[in-house]
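Working through the structure, step by step
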Protein chains: 2
Amino acid sequence: MLNFTFQNPTRIHFGEGQIKAVAKEIPANAKVLVTYGGGSIKSNGVYDQVVEALKDHSWFEFSGIEPNPSYDTLIKAQALIEQHDIDYLLAVGGGSVIDGTKFIAAAALFEGDDPWDIVAKQAPIKQALPMGAVLTLPATGSESNGGSVVTRDGCKLPFGSPLVRPQFAVLDPQVTLSLSDRQIGNGVVDAFIHIMEQYLTYSVNGKVQDRFSEGLLQTLIEEGPKALASETKEDLEIRSNIMWSATMALNGLIGAGVPQDWSTHMIGHELTAAYGIDHARTLSIVLPGVMKVRREQKREKLLQYAERVWQITDGDDDARIDLAITKTEQFFSQMQVPVRLSEVDLTEKDVDTLIKNLTLHGMTTLGEQGEITPEISREILMQAL
Amino acid sequence: MLNFTFQNPTRIHFGEGQIKAVAKEIPANAKVLVTYGGGSIKSNGVYDQVVEALKDHSWFEFSGIEPNPSYDTLIKAQALIEQHDIDYLLAVGGGSVIDGTKFIAAAALFEGDDPWDIVAKQAPIKQALPMGAVLTLPATGSESNGGSVVTRDGCKLPFGSPLVRPQFAVLDPQVTLSLSDRQIGNGVVDAFIHIMEQYLTYSVNGKVQDRFSEGLLQTLIEEGPKALASETKEDLEIRSNIMWSATMALNGLIGAGVPQDWSTHMIGHELTAAYGIDHARTLSIVLPGVMKVRREQKREKLLQYAERVWQITDGDDDARIDLAITKTEQFFSQMQVPVRLSEVDLTEKDVDTLIKNLTLHGMTTLGEQGEITPEISREILMQAL
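Note on numbering: residues in each chain are counted from 1, in written sequence order. Chains carry letters and ligands carry numbers; both start at the beginning, A for chains and 1 for ligands, and go up in the order they are written. The model is predicted, so local features are restricted to residues of pLDDT at least 70 and side-chain atom pairs to those at 80 or more, both for listing and for counting; the totals for chains, interfaces and linings are taken over all residues. Side-chain figures throughout are based on the complete set of non-hydrogen atoms in the structure, without hydrogens or water.

Here's the deal with the overall build of chain A
Think of it this way: any DSSP run of H or I at least four residues long counts as a helix, any run of E at least two long counts as a strand, and we number them from the N terminus. Across its full length, chain A carries 16 helices and eight strands. Relative to the compact-globule value of 21 Å for 385 residues, chain A shows a C-alpha radius of gyration of 20 Å, a close match. Each of the three principal axes of chain A carries a C-alpha extent, and together these read 65 × 50 × 45 Å. With 385 residues in all, chain A has 61% of them scored as buried. A fraction of 77% describes how many contacts in chain A between residues 6 or more apart in sequence connect residues 24 or more apart. Residue burial considers only the protein chains on display, and all accessible areas are found by Shrake-Rupley using a 1.4 Å probe. By element, 48% of the accessible surface of chain A is carried by carbon and sulfur atoms, the whole surface being about 14,000 Å². Taking the average location of the 33 positive side-chain charges in chain A and that of its 51 negative ones, the two points are 2 Å from each other. Radius of gyration here is computed from C-alpha atoms only, and the compact-globule reference equals 2.2 Å multiplied by the residue count raised to the power 0.38. Note on exposure labels: buried denotes an accessible area under 20% of the residue type's maximum, exposed denotes more than 50%, and partly exposed covers the range between, all computed with a 1.4 Å probe on protein chains only. What makes two residues a contact is simply this: any of their non-hydrogen atoms within 4.5 Å. Only four residue types enter the tally: Lys and Arg on the positive side, Asp and Glu on the negative side; His and the chain ends are excluded. One atom stands in for each charge, and that atom is NZ of Lys, CZ of Arg, CG of Asp or CD of Glu.

As structure tokens, then:
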């Protein structure tokens with residue numbers, strides 16, 4: 001196990017009816033800005049529950065935060081914050097709304113000239129507005145971590161700080177029943193790949209981290225397809241297990257003390273930025289390629305993954321790894337996400353564009369050992385044609 | 001899964017050489033009281049590392065906190081705290097030192113007449129001195145939770161508050177290399193049983209919690225005996241896995257959203273209070289009895305435990321449960337702790353005393369359903385003769 005420092009102070013309120021916890025989590029005298037996306041929270045009852053919880057608070061709202069939240073949208077919140085002396089943010093939505101709100105929180109108290117520097121120059125965040133989150137789409141883990149991804153001019157770039165970690169997060173699985181199949185599939189796959197990126201590297205004998213990761217992967221494999229099947233679609237226990245898995249997948253715990261490989265995310269970001277493909281659908285295309293091209297470097301963990309997650313024990317090492325990769329692809333297909341570039345109408349010519357952009361954005365030493373050069377990223381994408 | 005609220009803000013510094021993190025964790029202007037036990041930290045180098053880390057702080061020390069820390073010892077710290085205006089506590093030791101320091105922290109700022117009310121009357125804790133911990137014995141999980149157990153006049157009683165949760169904890173597996181076999185065995189078994197008490201109840205389909213618990217149990221089963229074997233005794237990776245498992249076993253995470261059964265602990269406390277038996281050794285005697293007597297109520301989970309933790313798949317349901325209980329007892333024996341009252345020279349006559357004390361202390365509705373009456377506790381102890 002590697003040395004690590006780990007802390008996650010976000011208070012989680014989990015379960016049906018927990019949105020009311022918002023009332024006590026936000027200081028009574030706070031001036032609150034409720035942030036959300038396109039308005040689906042108005043049709044599924046979440047907005048009404050938030051309004052009820054905030055009935056004794058002074059609050060305002062900022063809507064229109066889009067998937068892959070853009071700087072141009074987010075920066076508009078600053079005028080509202082100044083106008084109303086906002087001192088608390090409540091993000092109500094999925095990962096994009098929460099990520100976007102983190103940028104709003106940091107930008108509001110940014111001391112430099114240009115808040116974009118927070119992302120573009122990784123300018124230090126010295127203070128941020130406090131924020132909470134009501135999660136509507138289990139996927140990104142943003143509700144209890146300090147990370148965020150913001151898009152501007154075709155660049156999708158990350159930033160992070162403990163200061164933008166939500167102070168609390170409400171996880172009510174009931175609100176996920178109104179999600180579309182596409183949202184469910186994307187969410188489960190996004191969480192699954194977060195786990196894989198902290199798990200599928202080289203072994204440092206971190207037995208707790210490995211088993212926690214394997215437990216989360218198995219849970220998503222079991223529960224994900226049930227959330228899409230008509231006979232179990234309305235089952236709240238299934239949604240609860242998915243929701244808790246997605247949060248645990250990226251709250252820092254399973255990644256503490258182990259190497260990590262975020263190459264799938266970094267290559268995937270270029271697919272979203274250039275072609276507007278849903279985030280999770282870029283990951284499901286890229287990860288199998290990473291597994292195939294980095295097979296030797298990840299051999300020990302691939303074998304462990306095959307045995308513990310998929311119960312594959314027959315055949316020689318290579319056969320077991322092959323089958324584990326195939327099973328992973330089949331699981332993604334079952335979750336109705338693509339596993340090949342051709343499924344999203346991209347070809348070899350597009351790989352050139354993607355590699356060019358990856359290089360342009362400095363993503364030239366990816367992977368747990370920093371060994372994934374643009375040339376290796378090309379191989380990965382070629383595997384995904 | 002049951003509804004829950006979960007938060008654990010303790011910052012963990014894990015790994016070799018991490019004691020130096022104390023220097024930055026405690027405010028520079030704090031007046032620190034370092035608390036510890038019988039002085040083993042002076043022979044194993046931990047004391048020196050703490051002194052080095054605190055070289056720019058103003059600090060004092062309070063030693064002599066014994067196993068099963070007693071009120072009479074702990075209350076003596078109050079004079080030192082007043083005399084030196086202490087405003088930060090640093091516990092250096094195992095669960096007893098940390099538990100005892102939690103009581104010192106709460107007693108120092110207690111507003112009532114008698115600090116013992118914190119334990120005896122569960123008087124509300126409105127403030128407490130901030131504290132940190134340097135863990136030397138992985139076992140109780142006290143280093144990152146808000147619970148504590150204090151003994152007075154033969155009564156071993158719990159109290160708890162988020163206000164006495166350590167703000168930070170240093171987990172350096174290197175310092176555990178100097179532990180005796182008895183301490184290692186006790187520690188591993190204590191942690192194992194903490195997990196069982198949050199796992200072996202009835203199923204609420206909490207898949208993440210179950211798999212995390214099973215992963216921790218498997219890790220302790222694999223690594224515990226290696227920490228006692230001469231050829232692997234010095235292996236730091238083994239100690240790391242044990243140390244991280246013990247913390248995760250009782251930091252609130254695996255118990256969030258699932259029923260819990262602390263009957264083994266409550267019955268075990270009477271064994272320590274009346275006969276001075278090491279805490280973990282009371283648990284290893286009681287748990288198998290609980291498994292046998294509550295077999296029907298815990299049937300589903302016992303079968304899951306047999307299959308997932310011990311890979312028992314042959315035989316009918318009852319045979320699989322029997323074998324799982326036997327394997328559990330064998331594991332305890334391998335860790336060199338007793339599994340029968342006779343091994344600690346107690347007989348049926350002592351069971352009478354224990355049941356009398358249990359009743360006296362109000363422990364009359366134990367278990368996940370509150371169904372374990374003193375009569376059922378007697379059955380459990382009779383199974384352990």
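Observations concerning the pattern of salt bridges
Residue and element names in this part refer to chain A. Here, a salt bridge means any Lys or Arg side-chain nitrogen found within 4 Å of an Asp or Glu carboxyl oxygen. Evaluation of the coordinates by the stated rule reveals 52 salt bridges over all chains. Residues Arg 11 and Glu 25 are paired through a salt bridge, measuring 2.7 Å at the closest nitrogen-oxygen approach. Highlighted residues: Arg 11 in strand β1 (residues 4-14) and Glu 25 in helix α1 (residues 22-25), separated in sequence by 14 residues. For Glu 371, the salt bridge is made with Arg 294, and the minimal N-O distance between the two is 2.8 Å. Here Glu 371, found in the loop between α15 (348-360) and α16 (374-383), pairs with Arg 294, found in the loop between α12 (279-293) and α13 (299-310); they are 77 residues apart in sequence, far enough to count as distant. When its relative accessible area of 8% is taken as the criterion, Arg 294 is described as buried.

Considerations on the relation of the copies chain B and chain A
The copies are overlaid by a least-squares fit using only the C-alpha atoms of residues whose pLDDT is at least 70 in both copies. Of the transformation superimposing chain B on chain A, the axial component is 0.0 Å and the angular component is 180°, with the fit at an RMSD of 0.0 Å. Both copies are brought into coincidence by an operation consistent with a two-fold rotation axis. Taking C-alpha positions as reference, the residue of chain B nearest the rotation axis is B:Pro9, located at 2.0 Å.

Brief notes about the domain arrangement of chain A
One widely used convention gives an interface's size as the accessible area the parts lose upon coming together. Residues and elements named next belong to chain A. Domain start and stop points were drawn from an automatic or database domain assignment. What the domain assignment lists for chain A is domain 1 (11-174) and domain 2 (181-383). Computed from C-alpha coordinates alone, the two centres of domain 1 and domain 2 are separated by 27 Å. Residue-level contacts link 22 residues of domain 1 with 20 residues of domain 2. Taken together, the links from domain 1 to domain 2 amount to zero salt bridges. Whenever a nitrogen or oxygen atom comes within 3.5 Å of another N or O atom, the pair is scored as a polar contact, on the condition that within protein one atom can donate a hydrogen and the other can accept it, and that pairs from neighbouring residues in sequence are kept only if both atoms are in side chains. Inspection of the domain 1/domain 2 interface yields two residue pairs in polar contact (both at pLDDT 80 or more). Contributions of two or more residues to the side of domain 1 that touches domain 2 are made by β1 and β7 (155-160). Classifying every residue of the side of domain 1 that touches domain 2 by side-chain character gives 10 nonpolar, seven polar and five charged. The nonpolar class holds Ala, Val, Leu, Ile, Met, Phe, Trp, Tyr, Cys and Pro. Asp, Glu, Lys and Arg form the charged class, and all remaining residues, Gly among them, are polar.

Things to note about empty space enclosed by the protein
Put simply, the grid is 1 Å and covers the protein atoms alone, a cavity is a trapped set of points that fit a 1.4 Å probe, a pocket is an open set with protein on both sides within 12 Å along at least five of seven lines, and lining residues have an atom within 4 Å of a point. Grid points are joined across faces, edges and corners, and a volume is the space filled by probe spheres set on the points. All told, the structure shown has six cavities of 30 Å³ or more when counted by the stated rule. Counted as a void, the largest cavity has a volume near 220 Å³. If you trace the largest cavity, you find 20 residues lining it, with A:Phe6, A:Asn8, A:Asn251, B:Phe6 and B:Asn8 closest to the centre. Where the lining of the largest cavity is concerned, the elements lending two or more residues are β1 and α10 (236-249) of chain A together with β1 (4-14) and α10 (236-249) of chain B. Along the lines of polarity and charge, the residues of the lining of the largest cavity split into 10 nonpolar, 10 polar and no charged.

Looking at the packing of helix α8 (residues 181-199) of chain B against helix α14 (residues 317-334) of chain B
All names here are of chain B. Helix axes are fitted only over the stretch in contact, all axes being lines through C-alpha atoms; the angle between N-to-C directions runs from 0 to 180 degrees. Two elements in contact, α8 and α14, have axes separated by 9 Å at closest approach and are oriented at 155°. Relative to α14, the element α8 is oriented roughly antiparallel. The element α8 and its partner α14 pack so that their crossing is left-handed. Residues Val 188, Val 189, Phe 192 and Ile 193 of α8 form the contact with α14, whose participating residues are Thr 328, Phe 331 and Phe 332. Its residues placed into classes, the contact of α8 with α14 shows six nonpolar, one polar and no charged. Every angle not falling under 35 degrees, over 145, or within 65 to 115 is termed oblique; those three ranges are roughly parallel, roughly antiparallel and roughly perpendicular. Two helices cross in a left-handed way if the nearer one is turned anticlockwise from the farther one by less than a right angle. They cross in a right-handed way if the turn is clockwise.

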